[in-house]
Each structure stands twice: as structure tokens, then as C-alpha cells.
Amino acid sequence: QVQLVESGGGLVQAGGSLRLSCAASGLTFHSWTMGWFRQAPGKEREIVANIRRGFGTTYYADSVKGRFTISRDFARNTVYLQMNNLRPEDTAVYYCAARQVDYGPYNYWGQGTQVTVSS
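Here's a quick rundown of the structure.

### Some words on the pattern of salt bridges
Here is step 1: Overall, the coordinates contain seven salt bridges when judged by the stated rule.
Here is step 2: Note that R76 is salt-bridged to D73, the shortest N-O span being 3.0 Å.
Here is step 3: Three or more residues are tied together by salt bridges with common partners; here these are R38, E46, R67 and D90.

### Concerning the environment of W109
Here is step 1: Along the chain, W109 falls in strand β10 (residues 108-109).
Here is step 2: Placed 15 residues apart in sequence, W109 and Y94 show a C-alpha to C-alpha distance of 11 Å.
Here is step 3: Not counting the four nearest positions on each side in its chain, W109 is found in contact with L4, F37, R45, Y95, C96 and A97.
Here is step 4: Looking at W109, its side chain comes within polar contact range of the main-chain oxygen of Y106, at 3.5 Å.

### Details of the packing of aromatic side chains
Here is step 1: Under the defined criterion, the tally for this structure stands at four aromatic pairs.
Here is step 2: Ring geometry for F37 versus W109: centroids 4.8 Å apart, planes at 55°, classification tilted. Here W109 lies in strand β10 and F37 lies in strand β4 (residues 33-39), a separation of 72 residues in the sequence.
Here is step 3: On the basis of relative accessible area, W109 is assigned to the partly exposed category, the value being 31%.
Here is step 4: Cation over ring: R45 sits above F37, and NZ or CZ is 5.9 Å from the ring centre.
Here is step 5: Sitting above the plane of the W109 ring, R45 keeps its charged end 3.9 Å from the centroid.

### A few points about the nonpolar core
Here is step 1: Grouped together as the largest cluster of nonpolar side chains are 31 residues, with contacts concentrated most on M34, W36, V79, L81, M83 and Y94.
Here is step 2: Counting residues per element, the ones that place at least two in this core are β3 (18-25), β4, β5 (46-51), β7 (68-73), β8 (78-83), β9 (92-99) and β11 (113-118).
Here is step 3: The residues touching L81, leaving out its near neighbours within four places in the chain, are L18, R19, L20, W36, V48, A49, F68, T69, I70 and Y94.

### Focus: the state of the cysteines
Here is step 1: One pass over the structure, following the stated rule, counts one disulfide.
Here is step 2: Paired through a disulfide, C22 and C96 show a sulfur-sulfur distance of 2.1 Å. Taking the sign of the torsion about the S-S bond as the criterion, the disulfide between C22 and C96, at about -75°, is left-handed. You can see C22 sitting in strand β3 and its partner C96 sitting in strand β9, a full 74 residues away along the chain.

Cut-offs applied
- Residues numbered from 1 in each chain as written.
- Predicted model: local features only at pLDDT ≥ 70, side-chain atom pairs only at ≥ 80, totals over all residues.
- Heavy atoms only, no water.
- Salt bridge = Lys/Arg side-chain N within 4 Å of Asp/Glu carboxyl O.
- Helix = DSSP H or I, 4+ residues; strand = E, 2+ residues; numbered from the N terminus.
- Contact = heavy atoms within 4.5 Å.
- Polar contact = N/O pair within 3.5 Å; in protein donor to acceptor, adjacent residues only side chain to side chain.
- Phe/Tyr/Trp six-rings, centres within 6.5 Å; stacked < 30°, edge-to-face > 60°.
- Buried < 20%, exposed > 50% of the residue type's maximum accessible area, 1.4 Å probe, protein only.
- Lys NZ or Arg CZ within 6 Å of the ring centre and 35° of its normal.
- Core = buried A, V, L, I, M, F, W, Y, C linked by side-chain atoms within 4.5 Å.
- Disulfide = S-S within 2.5 Å.

Shown next, in the form of C-alpha cells:
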């Protein structure tokens, strides 16, 4: 049974930093592309970043480029999202997700962690 468990969310002032973690179990970590998504109130869910299976090529949404960094730790089966220089518009519930097929749908999702950035 695949489980993705996020942690690390919280309340931070604008300009601050947070690191989100997503611990994965029940899947062979290096064979899965891991992604971070977010959904703000009244808005659609959007992708923030992903790190592809295999070589670990990364993708970032334009809105977070240069501020967020996605990384993975195979020993811990954990993917991270380091978020620096946070802005109020980054406020959202952040979700971790996993997919096995390139460019296919994400198969598994975590429960989400709230990030709130105050101005």
C-alpha cells in the first residue's frame, strides 16, 4: 500500500523559509516521479515542482523558480521542497504526489500540509 505523508507546513512571515517533507512508503522510490502541488482557496490545484524518476531532472513553475528547490533522499524515501523568500501568494495547501509513467497522471497523493505566509 502506497502512502505519502507530508510535513513541515506552518505559518511564516513574508521573506521567510520553510522546508516541506514527503515520506513515501510502499513504492520503489527511484522508479517514481515525485511532484509537489498546491491549492489556494478558490483556486485550482497547480503544480509547483517535480523531480523525475531516474536522473532526477527537475521542473519548476515560473512562479517559484529561483525560490523553491525540490530534492530527494533515496535512503529516507523522502522528497523535499525547500521554500525560500516566501510570499503571501504562496499561501496554500501543499500536496506531494507520485507517478510512474512519464507525463501521465499522478497515481498517489498525500493528505496535504498547510503553508501560510503573512505579509
